[in-house]
Amino acid sequence: QVQLVESGGGLVQPGGSLRLSCVASGFTFSSYAMSWYRQAPGKERELVASITSFGGTNYADSVKGRFTISRDNFKNTVDLQMNSLKSEDTAVYYCNANRWVTYWGQGTRVTVSS
């Protein structure tokens, strides 16, 4: 049974930091590209950051220099370190695994507000 379980969301003030984590099970994690997406209220889901099975990374322009994606193929985890958070980062963040098929987590909510 494939599972992607996100954690680490919450309420943070502008300028603060959060670290999201996604634990994967039920598939060969090391062979999959992993990504974080987000969906803000009233908006479409968008790609935030991705990391290939070999560790290559890609970021949305809006988060470059502030967010860092990383993976641990021994622990089957993918993390998203988010610094200098802005109100526009408020969204539900989803973990995604992709190779020939795509898997999604249930999401974790991040609210950036004073």
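Scroll up a little and you will see the structure.
Fair warning: this is a prediction, and the values are worked out from it, not measured in the lab.

S.K.: What should I look at first to understand the nonpolar core in this one?
M.R.: The nonpolar side chains of soluble globular proteins are, as a tendency, buried together. The biggest cluster of nonpolar side chains holds 30 residues, and the ones touching the most others in it are Met34, Trp36, Val78, Leu80, Met82 and Tyr93. Among the secondary structure elements, those contributing two or more residues to this core are β3 (18-25), β4 (33-39), β5 (46-51), β7 (67-72), β8 (77-82), β9 (91-98) and β11 (108-112). With residues up to four places along the chain from it excluded, the contact list for Val78 reads Leu20, Ser21, Cys22, Phe29, Met34, Trp36, Ile51, Ile69, Ser70, Arg71 and Cys95.

S.K.: For this particular structure, what's the right way to read the pattern of salt bridges?
M.R.: Side-chain pairs of opposite charge can arise where the charged atoms are in close proximity. Under the counting rule described, the total for this entry stands at five salt bridges. One salt bridge connects Asp79 with Arg19, and the closest N-O pair in it is separated by 3.2 Å. On the criterion of sequence distance, the pair formed by Asp79 in strand β8 and Arg19 in strand β3 is long-range, its members being 60 residues apart. Within this structure, Arg38, Glu46, Arg66 and Asp89 form a network of salt bridges that share partners.

S.K.: It is not clear to me how the side chain of Arg66 should be interpreted in this structure. Could you clarify?
M.R.: Tracing the sequence through the fold places Arg66 in the loop between β6 (57-59) and β7. Given a relative accessible area of 10%, Arg66 falls into the buried group. Side-chain polar atoms of Arg66 contact the backbone oxygen of Ser62, separated by 2.9 Å. Among the polar contacts made by the side chain of Arg66, one reaches the side chain of Asp89 at a distance of 2.8 Å. Setting aside residues no more than four positions away along its own chain, Arg66 makes contact with Gln81, Met82, Asn83, Ser84, Leu85, Lys86 and Asp89.

Definitions and limits used
Residues numbered from 1 in each chain as written. Predicted model: local features only at pLDDT ≥ 70, side-chain atom pairs only at ≥ 80, totals over all residues. Heavy atoms only, no water. Core = buried A, V, L, I, M, F, W, Y, C linked by side-chain atoms within 4.5 Å. Buried < 20%, exposed > 50% of the residue type's maximum accessible area, 1.4 Å probe, protein only. Helix = DSSP H or I, 4+ residues; strand = E, 2+ residues; numbered from the N terminus. Contact = heavy atoms within 4.5 Å. Salt bridge = Lys/Arg side-chain N within 4 Å of Asp/Glu carboxyl O. Polar contact = N/O pair within 3.5 Å; in protein donor to acceptor, adjacent residues only side chain to side chain.

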